[in-house]
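# Secondary and tertiary structure notes
Below are the chains, spelled out letter by letter.
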Amino acid sequence: MEVLRLQNLQKSFGSVRALKSASFTLNEGEVVALLGDNGAGKSTLIKAISGVFPVDRGDIYVRGQKVSIRSTRDAMDLGIETIHQDTSLAPDLSIARNLFLGREPVNLKWLGVFAPLDLAQLRDAASALLKRVGISKKLDADALVSTLSGGERQSIAISRAMQFAAKVIILDEPTNNLGVEETHGVLRFVKEVRDAGHSVLLITHNIHHVFQVADRIIVMRRGEIVAEQTVADTDLLTVESIITGADMSALLKETRAK
Amino acid sequence: MMEIDVRRAGGGRHPGVWFDAVMTIAAEEEMPRAKRRSSLIRSPQFSSLVILIVLLAVFAIADANFLSPLNISNMMAFLPELGIIALGMTLLLTAGEFDLSVGAVFGLAPVVVMLLVQNGGVDIGVALLAGLLLCIAIGAINGLIVTKIGISSFLVTLSMLLVVRGAALYITQGFPLKSWDQPGFFVTLLAGSFSIGTFRFYTSLWWFIGLSLLAIYVLRYAKLGNWISAIGSNRNAAVARGVPADAVKIWLFILTSVLAGLAGMISAFRISAASPVAGTGYELEVIAMVVVGGTALTGGRGTILGTIVGALILRSIRNGIVLIGVPGLAYNIFVGVIILAMLILHALLQKNAARS
Ligand SMILES: Nc1ncnc2c1ncn2[C@@H]1O[C@H](COP(=O)(O)OP(=O)(O)OP(=O)(O)O)[C@@H](O)[C@H]1O
Ligand SMILES: [Mg+2]
């Protein structure tokens, strides 16, 4: 069943046409890998879906219904959780506070923004979650994020997406800066959410990871989607050649012939 | 085993998670407590407190009158006026912005109120309401320009300082106004006084205490405080989590302006005069109080307790150096040197904490 459908999304920054035209469909319970070289427009595409900025043109459908995503809050309310490549955590806040940022558990809800945080629940849920994720050992939920390593921070951001059990989870280069164990943790997590019926949009430069977890591959080049293939129907070399735009297999044949 | 049900759509939390979490914390409770104590000792507000105690001790030893009821009453009369502004400034700095127009607003608000009453024949209550609206408007303009147009708060509020101070001077033609000196509800509310034994306190102290408690609550325990710290720490991250960063900042600018106006009114009622140059230089004194207390000028880390300690420190320095006989024209040299020493100390402690 279709969960998310993009139709002809376009986005320019001044004269830079970061997104010329992007259309694709994400189905329930599938992992789609979004590939492309630096500057291909991957982050721009997912920022549009997650409400960081509005698109210039194009439509977004969630479960067949046309939606307008005007803010990050809109996207979250539609069940789209995103872990951005560049901005994810507030370093001066504790792990627990970061995990619940924007969705704080509170007492006396009627007080609105002045409602007191349920600190006990915040801390407990956070430490339970850290244990559950298993990609980061022995992190104190009260520790400030500024005291963590880059990889540990990434783990926290991923835990956060897990906790709110979104329909669609978007990961922008989640394994960047991660050690071997943490990377496996992330890939395991991707498979787990897929098996639970969720959809994952995974952006990565590591093609090996793609072949480990993805069902389908979408390749972008200069703001356009240039290829769409199921993983079973393709191989590493082909995908690499599509990404760079050079026909690698032809190149290979040529060198072999010499 | 812990089980998070990822099937629940739209961000529902699984009650089992909380239940299991509660069951597992008992064992972990001890460790953080010991840790919390050591982090308290290393925290900036703690080192500020130590400095305050040292300062008080030095002044008390140097001059016996320092801790006399009269002198303490004196200090407590001045303290709330800058302290109230410092509370708003702390929240604003924590969100990563600051406001240089507070001293000017401190001067303008009472001047406008008194002009309305004396020249316009307006009822004092209505005039105070008009003053309040004026402060809201000034804060809103600051906030809107900073967030929507994206100019740094330094430049916006520096310009606002000139506009507001200029307005105060122009509408009074530079002359101080006699303030409202007829006793009544509003004067008692803002500048009434009461005695406890030989100590004489102003009601403004209650305002300061009440507002301090509110500010502590908001920054440390309320959802809003979480947002304020997150915005100052990493604005994009906060926005990506659906935090309305611009709205929060605009309201904080409004709050700071309103508190500056309130402090101005309190001061004008206390001395029964409204001067167009009142509050000159207060913006820097207030920012000094806040950063001396341990709030980061770069945003993200704010402490109201620290600010209260910072306000006490600056107040007792100003008071103490007079008593121990530092020549009047040399005050600022001492104040500046002490502030600098405190900031250096904070920076060193911060470095130490980061290393360990
Ligand atoms: N806020 C912005 N303002 C101006 N140009 C931008 C902005 N964001 C992205 N761009 C431009 O849009 C193009 C696509 O950028 P984008 O971040 O989407 O690439 P990407 O595919 O995510 O690359 P990477 O793999 O390096 O993360 C780039 O040319 C980039 O310079
Ligand atoms: Mg990117």
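Rules used throughout
- Residues numbered from 1 in each chain as written.
- Chains lettered and ligands numbered in written order.
- Predicted model: local features only at pLDDT ≥ 70, side-chain atom pairs only at ≥ 80, totals over all residues.
- Heavy atoms only, no water.
- Helix = DSSP H or I, 4+ residues; strand = E, 2+ residues; numbered from the N terminus.
- Contact = heavy atoms within 4.5 Å.
- Areas by Shrake-Rupley, 256 points an atom, 1.4 Å probe, with all protein chains shown as cover.
- Buried < 20%, exposed > 50% of the residue type's maximum accessible area, 1.4 Å probe, protein only.
- Lys, Arg positive; Asp, Glu negative; His and termini not counted.
- Charge placed at Lys NZ, Arg CZ, Asp CG, Glu CD.
- Core = buried A, V, L, I, M, F, W, Y, C linked by side-chain atoms within 4.5 Å.
- Near = heavy atom within 4 Å.
- Polar contact = N/O pair within 3.5 Å; in protein donor to acceptor, adjacent residues only side chain to side chain.
- Phe/Tyr/Trp six-rings, centres within 6.5 Å; stacked < 30°, edge-to-face > 60°.
- Lys NZ or Arg CZ within 6 Å of the ring centre and 35° of its normal.
- Patch = residues over 30% accessible without salt bridge, like charges linked within 9 Å, V, L, I, M, F, W, Y side chains within 5 Å.
- Salt bridge = Lys/Arg side-chain N within 4 Å of Asp/Glu carboxyl O.
- pLDDT = per-residue confidence, 0-100.
- Pairing = 2+ DSSP bridges.
- Right-handed = clockwise from strand over helix to strand, strands pointing away.

### Focus: the overall build of chain B
Looking only at helices and strands, chain B has 15 helices and four strands in total. Of the contacts formed within chain B by residues at least 6 apart in sequence, a portion of 75% connects residues at least 24 apart. Total accessible area on chain B is roughly 16,400 Å²; 71% of this is exposed by carbon and sulfur atoms.

### What to know about the overall build of chain A
Within chain A, the regular secondary structure consists of nine helices and 10 strands. Expressed as lengths along the three principal axes of its C-alpha atoms, the size of chain A is roughly 70 × 40 × 35 Å. Burial statistics for chain A: of 258 residues in total, 55% are counted as buried. Contacts spanning at least 24 positions in sequence make up 65% of the contacts within chain A whose residues lie at least 6 apart. With an accessible surface of roughly 11,000 Å², chain A has 49% of that area assigned to carbon and sulfur atoms. In chain A, 31 positive and 31 negative side-chain charges are present, and the distance between their average locations comes to 2 Å.

### A closer look at the nonpolar core
Core analysis: the largest hydrophobic core is formed by 94 residues, its most contacted members being Ile85(B), Met114(B), Phe269(B), Ile304(B) and Ile313(B). Excluding residues within four positions of it along the chain, Ile304(B) makes contact with Leu87(B), Thr90(B), Leu91(B), Ser212(B), Ala215(B), Ile216(B) and Leu219(B). Listed in part, the 45 residues of the second largest apolar core include Leu35(A), Ala96(A), Val190(A) and Val213(A).

### Description of the site of ligand 1
Residue and element names in this part refer to chain A. Neighbouring residues of ligand 1: 13 residues in total, closest Asn38, Gly39, Lys42, Ser43 and Thr44. Within the side chain of Thr44, a nitrogen or oxygen atom sits 2.6 Å from an oxygen atom of ligand 1. The contact in question runs from an oxygen atom of ligand 1 to an N or O atom on the side chain of Glu173, over 3.4 Å. In isolation ligand 1 offers 640 Å² of accessible surface; the protein chains occlude 61% of this area.

### What to know about the packing of aromatic side chains
Geometrically, a pair of aromatic rings is defined through the distance of the ring centres and the angle of the planes. Counting across every chain of the model gives four aromatic pairs over all chains. Between the aromatic rings of Phe13(A) and Phe53(A), the centroid separation amounts to 5.4 Å while the plane-to-plane angle is 80°, which identifies the pairing as edge-to-face. Linking Phe13(A) in strand β1 (residues 2-13) with Phe53(A) in the loop between α1 (42-49) and β4 (57-62), this pair joins segments that are 40 residues apart in sequence. The class of Phe53(A) is buried, set by a relative accessible area of 16%. Stacked on the ring of Tyr202(B), the Lys or Arg Arg270(B) has its end atom at 6.0 Å from the ring centre.

### Some details on a nonpolar patch on the surface
Together, Phe46(B), Leu49(B), Val50(B), Ile53(B), Val54(B) and Val58(B) make up a nonpolar patch on the protein surface, roughly 480 Å² of accessible area in all. With respect to the helices and strands, the residue Val50(B) is situated in helix α3 (residues 44-62).

### Examining the confidence of the model for chain A
Predicted confidence across chain A gives a mean pLDDT of 84, with 91% of residues reaching 70 or more. Confidence scores differ between elements of chain A, with helix α9 (residues 248-257) of chain A showing the lowest mean pLDDT of 56 and strand β3 (residues 31-35) of chain A the highest of 93.

### Points about the confidence of the model for chain B
All names here are of chain B. Taken as a whole, chain B shows an average pLDDT of 84; of its residues, 86% reach a score of 70 or greater. Predicted confidence for residues 1-31 stays below pLDDT 50, and this span has 46 contacts to residues more than four positions away or in other chains. Note on the complex model: pTM 0.82, ipTM 0.76.

### Regarding the side chain of Asn319(B)
Position of Asn319(B) among the secondary structure elements: in helix α14 (residues 304-323). The exposure class assigned to Asn319(B) is buried, which follows from its relative accessible area of 14%.

### Observations concerning the pairing of strand β7 (residues 168-172) of chain A
All names here are of chain A. Within β7, five of the five residues are buried, leaving the element largely enclosed by the surrounding structure. By the alternation rule, side chains of β7 split into Val168, Ile170 and Asp172 and Ile169 and Leu171, which are all buried. As defined by bridge partners, strand β6 (residues 80-83) adjoins β7 across four bridges and the pair is classed as parallel. What sits directly across from Ile83, in β7, is Leu171. Pairing of β7 with strand β8 (residues 199-203), which is carried by five bridges, proceeds in the parallel orientation. Counted as the bridge partner of Asp172 is Ile203 from β8. After leaving β7, the chain enters helix α6 (residues 180-195) and then returns to the sheet as β8, a path that is right-handed.

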